[in-house]
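Here are the chains, one letter per residue:
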Amino acid sequence: MVQDEATDLVAHYPDVDNSVDVGADDPMSALALGLSLAEQGDLYRAQAVFERVLESGDRIACGPAAWGLGRVFEERHEPEAALLAFGRSVDFGYEAAAFDLARFLKGEGDIEGAVAAFRRAIASGDPIAAPNAANNLGNLLSDLGDVDGAISAYRYALDSGHLEAAPGSARQLGYLLWQGGDFAGARDAFQFTIDSNHEDQAPRGALALGDLLAELGDADAAIADYNLAINSGHPDVAPSALLMLGAVLERRDDLHGAQTAWRQAMVSDHLEAAPRAAFCLGSLLKSQDDIDGAVQAFGVAMDSGHPEAAPEAAMQLGALFSQRGDVAKALSACRVAIDSRHPDAAPRAAVILGILLTMQGDSSGAQTAFQYAVDSGHTEVAHEAYARLRGCDRP
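Residues numbered from 1 in each chain as written. Predicted model: local features only at pLDDT ≥ 70, side-chain atom pairs only at ≥ 80, totals over all residues. Heavy atoms only, no water.

A. Inspection of the environment of Leu317 at higher detail. Note that Leu317 resides in helix 19 (residues 309-324). As a C-alpha pair, Leu317 and Cys334 span 17 residues in sequence and 7.7 Å in three-dimensional space. Beyond its immediate chain neighbours, meaning those up to four positions away, Leu317 contacts Val295, Phe298, Gly299, Met302 and Ala333. (Helix = DSSP H or I, 4+ residues; strand = E, 2+ residues; numbered from the N terminus. Contact = heavy atoms within 4.5 Å.)

Below is the structure:
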């Protein structure tokens, strides 16, 4: 009822400066006016109205008025004032404001206070604040390593049926149950997220369930869920699902299907999935002796600058160009891998580089490359690099 009256009130009080009595004489109407002004973006007039409500001392209106004042300060990027206002709202007994108080306490680094405030918001039973507080509490407790507490919070949000909080909480719950070995529970949680049809969370739930089923060896079901995620067209999830689908298909010896999936992921421009898919595609094509295709795919991965895929692809390119006798490109690719300081690709590339420089008569450069590989302590190539380094020392 409060919000329904707001439009009439705005018309009735066109100039807040001339409506001083509205807060004292009719706090609930003033509250509705303040909420409407805030919704319209008239933040300073809304502040004036909320402050008049607070001056009235009305036991019902003051709590939501302080909360509205907190939201005004938040919109104006005044965090200290917002924090005080939300705290005041809770002190007035408006328990739903504890959710916003918790958000700001967390932002200030007061984790203990944030946890307590999230719990208070949950206890309020507010249909909006409580589920969102439970979701946020679950995230916070999970980060703190309190798995049981996080699971309890996520379950509350899931059981609430809240259209936003429940699907995401179910997915996070699924991950925790998966990590704890409760695969059936995780599967149910991910399925709940899928069944929610939430625009963002449902595709993420399908990807998560596909990953779980792939790990459990249920390839057919995993493929179905990956395809569900892919068909959603979600810009973040679909490329990741293509990447994982390719891996499942490769393990089933469906190499054509794997290639198709990885090619689609590679051209998606997804910052994570595209480079990794390009590297996977390059490795598959290399195993099929499609060197031109492998070089192209590895080139995409290397050029992406991805911290894992790019160095590994650069090392592979160094080896392939070396085998082709394209020394200049081999040297360049090896140096990309070495400069990345990747713990696996850089030492391997250093050995290739050292061999190439030795063949070119650059003994000093070769020694530097081999020494890098030796110093890396790489379990597979350090010994070979040491032997080659000693060979460089011989007259």
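There's more to say after this.
B. Expanded view of the packing of helix 6 (residues 79-91) against helix 7 (residues 98-107). Two elements in contact, helix 6 and helix 7, have axes separated by 8 Å at closest approach and are oriented at 145°. Regarding helix 6 and helix 7, the two cross each other, and that crossing is left-handed. Mapping the contact onto sequence places Pro79, Ala82, Leu83, Phe86, Gly87 and Val90 in helix 6 and Ala98, Asp100, Leu101, Phe104 and Leu105 in helix 7. Its residues assigned to classes, the contact of helix 6 with helix 7 shows nine nonpolar, one polar and one charged. (Axes fitted to C-alpha atoms, helices over the stretch in contact; angles between N-to-C directions. Left-handed = near helix turned anticlockwise from the far one by under 90°. Nonpolar A, V, L, I, M, F, W, Y, C, P; charged D, E, K, R; others polar.)

C. A look at the side chain of Ser89. By the secondary structure assignment, Ser89 is in helix 6. Ser89 sits in the buried class, given a relative accessible area of 0%. Ser89 has contacts with Gly63, Ala66, Trp67, Tyr94 and Ala97, leaving out every residue within four places of it along the chain. (Buried < 20%, exposed > 50% of the residue type's maximum accessible area, 1.4 Å probe, protein only.)

D. Representation of the packing of aromatic side chains within the structure. A complete count under the given rule lists seven aromatic pairs for this structure. Seen in terms of ring centroids, Tyr175 and Trp178 are 6.3 Å apart; in terms of plane orientation they differ by 15°. Their pairing is stacked. With Tyr175 and Trp178 both in helix 11 (residues 165-179) and three residues apart, this pair spans about one turn of that helix. Using a relative accessible area of 14% as the deciding quantity, one classes Trp178 as buried. Members of the aromatic cluster, each reached through a chain of ring pairs, are Tyr175, Trp178 and Phe190. (Phe/Tyr/Trp six-rings, centres within 6.5 Å; stacked < 30°, edge-to-face > 60°.)

E. Main features of the nonpolar core. Counting residues in hydrophobic clusters, the biggest one holds 123 residues, and the most contacted among them are Phe50 and Phe118. Contacts of Phe50, omitting those with residues within four sequence positions, involve Leu31, Gly34, Leu35, Ala38, Ala65, Gly68, Leu69 and Val72. (Core = buried A, V, L, I, M, F, W, Y, C linked by side-chain atoms within 4.5 Å.)

F. Summary view of helix 9 (residues 129-143). With 15 residues, helix 9 extends 21 Å between its outermost C-alpha atoms, agreeing within 8% with the 21 Å of an ideal straight helix rising 1.5 Å per residue. With respect to burial, helix 9 is a largely interior element, eleven of its 15 residues being buried. Looking at helix 9, one finds that the buried residues are Ala129, Ala130, Pro131, Asn132, Ala133, Ala134, Asn135, Leu137, Gly138, Leu140 and Leu141. Considering only its buried residues, helix 9 is in contact with helix 7, helix 8 (111-124), helix 10 (147-160) and helix 11. The positive-phi residue at the C-terminal boundary of helix 9 is Gly145, with phi of around 85°. (Expected span 1.5 Å × (residues − 1).)

G. Examining helix 7 more closely. Counting buried positions over the ten residues of helix 7 gives seven, a clear majority of the element. Listed in full, the buried residues belonging to helix 7 are Ala98, Phe99, Asp100, Leu101, Ala102, Phe104 and Leu105. At its buried positions, helix 7 is contacted by helix 5 (62-75), helix 6, helix 8 and helix 9.

H. Seen up close, the confidence of the model for the protein chain. Taken residue by residue, the protein chain gives an average pLDDT of 93. The fraction at 70 or more is 93%. Segment residues 1-21: pLDDT under 50, and 32 contacts once partners within four positions in sequence are set aside and those in other chains are kept. (pLDDT = per-residue confidence, 0-100.)

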